[in-house]
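Architecture and fold: a report
So the chains spell out like this:
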Amino acid sequence: MTCVVTGSTGFVGRALIERLSAEGRPLRPIVRRPADAVHASSHVIDAPWSQADWGTALRGASAVVHLAARVHVMNEHAADPLAAFRDVNATGTLRLARQAAEAGVRRFVFVSSIKVNGEHTVAGSPFRASDAPRPEDPYGISKREAEDGLRALAAASGMEVAIVRPPLVYGPGVKANFAALMRAVQPGRPRPFGAATPNPRAPCPPLSPPPARPRRPPPR
């Protein structure tokens, strides 16, 4: 069954489309303009997310991966930034999710943000999935509101909802902050990272130790 992917022209979206295509999975990437098509089956939605009609895009779909969002704006010009973030990240997300549930989509994957947890951690206590949300900026607040709405929709409709809160994502072709960090360390000069405030995430489960190698008898 078809997987609908929003934000398909973004950094994560392109990697996901490439992976799904390589596995031969039916997919329907959503783009803003025909010129942005990243796959032969790309579907154009040029309306604002909060007003879009997703009926045709969702037809025959079994899953939705929602990557599209209003992200950090370096030079914010919106008179009400929180309202601008809510319109896309909360209202737009829930409009898509409601129409997905009505269309019989079985699974909705929402890529939220670690900013829902907050901006900093307490020493010795990394961010965990069980933490109470403490978003501080409009972006994090709008993502948290979308999460709350999705959980309520899942309980009412039976559609499975998976929420992912990634920190910074990097990989081949990465841009923005991570690319700037790589440029900063390329000359090989020391940087004052020791003075940076720690902001850890929950650690990965420890790996199992490798099996002990049998000892060889000493040569005679």
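1. Digging into the nonpolar core
Of all hydrophobic cores here, the largest spans 22 residues; its most connected members are Trp54, Leu58, Val64 and Phe108. Of all elements in the fold, only α2 (55–58), β4 (61–66), α3 (81–102), β5 (107–111) and α4 (138–157) reach the threshold of two or more residues within this core. Counting residues per element, this core draws most heavily on α3, at 4 residues. Sequence-distant contacts of valine 64, that is, excluding residues within four places in its chain, are made with Val4, Leu58, Leu96, Ala100, Val105, Arg107, Phe108 and Val109. Residues Leu20, Leu27, Val109 and Ala162 belong to the second largest nonpolar core, which totals 11 residues.

2. Comments concerning the pattern of salt bridges
Under the counting rule described, the total for this entry stands at 10 salt bridges. Between glutamate 160 and arginine 107 there is a salt bridge, and its shortest N-O distance comes to 2.9 Å. On the criterion of sequence distance, the pair formed by glutamate 160 in strand β6 (residues 160–164) and arginine 107 in strand β5 is long-range, its members being 53 residues apart. Its relative accessible area of 41% is what places glutamate 160 among the partly exposed residues. Judged by its relative accessible area of 37%, arginine 107 falls in the partly exposed class. A salt bridge links aspartate 148 to arginine 151, with the nearest nitrogen and oxygen atoms 3.5 Å apart. With aspartate 148 and arginine 151 both in helix α4 and 3 residues apart, the pair spans about one turn of that helix. Taken together, the salt bridges that share partners define one network made up of Arg144, Glu147, Asp148, Arg151 and Arg165.

3. Here we look at the layout of surface pockets
Here the largest pocket is characterised by a volume of approximately 1,600 Å³. Considering the residues around the largest pocket, the lining is formed by 45 residues, among which Phe11, Val12, Leu67, Val71 and Tyr139 are closest to the centre. Counting residues per element, the lining of the largest pocket draws most heavily on helix α1 (residues 11–22), at 7 residues. Classifying every residue of the lining of the largest pocket by side-chain character gives 26 nonpolar, 10 polar and 9 charged. Size it by volume and the second largest pocket reaches roughly 200 Å³. In terms of lining residues, the second largest pocket is bounded by 13 residues, among which His120, Thr121, Val122, Phe127 and Arg134 are the most central. Per-class residue counts for the lining of the second largest pocket are 4 nonpolar, 5 polar and 4 charged.

4. Digging into the environment of serine 130
By the secondary structure assignment, serine 130 is in the loop between β5 and α4. Relative accessible area serves as the criterion here: at 67%, serine 130 is assigned to the exposed category. Considered as a pair, serine 130 and asparagine 117 are 13 residues apart in the sequence and their alpha carbons are 9.5 Å apart.

5. A closer look at the packing of α3 against α4
The contact between α3 and α4 brings their axes to 8 Å, and the two run at 20°. Classified by the angle between their axes, α3 and α4 sit roughly parallel to one another. α4 is crossed by α3, and the crossing has right-handed handedness. Seen from α3, the contacting residues are Pro81, Leu82, Phe85, Arg86, Asn89, Ala90, Thr93, Leu94, Ala97, Arg98 and Ala101; seen from α4, they are Pro138, Tyr139, Ile141, Ser142, Glu145, Ala146, Gly149, Leu150, Leu153 and Ser157. Of the residues assigned to the contact of α3 with α4, the class counts are 13 nonpolar, 5 polar and 3 charged.

Rules used throughout
- Residues numbered from 1 in each chain as written.
- Predicted model: local features only at pLDDT ≥ 70, side-chain atom pairs only at ≥ 80, totals over all residues.
- Heavy atoms only, no water.
- Core = buried A, V, L, I, M, F, W, Y, C linked by side-chain atoms within 4.5 Å.
- Buried < 20%, exposed > 50% of the residue type's maximum accessible area, 1.4 Å probe, protein only.
- Helix = DSSP H or I, 4+ residues; strand = E, 2+ residues; numbered from the N terminus.
- Contact = heavy atoms within 4.5 Å.
- Salt bridge = Lys/Arg side-chain N within 4 Å of Asp/Glu carboxyl O.
- 1 Å grid on protein atoms, 1.4 Å probe; cavity = no way out; pocket = protein on both sides within 12 Å on 5 of 7 lines; lining within 4 Å.
- Points joined across faces, edges and corners; volume = space filled by probe spheres on them.
- Nonpolar A, V, L, I, M, F, W, Y, C, P; charged D, E, K, R; others polar.
- Axes fitted to C-alpha atoms, helices over the stretch in contact; angles between N-to-C directions.
- Parallel < 35°, antiparallel > 145°, perpendicular 65-115°, else oblique.
- Left-handed = near helix turned anticlockwise from the far one by under 90°.

Nothing here speaks to function; it is geometry throughout.
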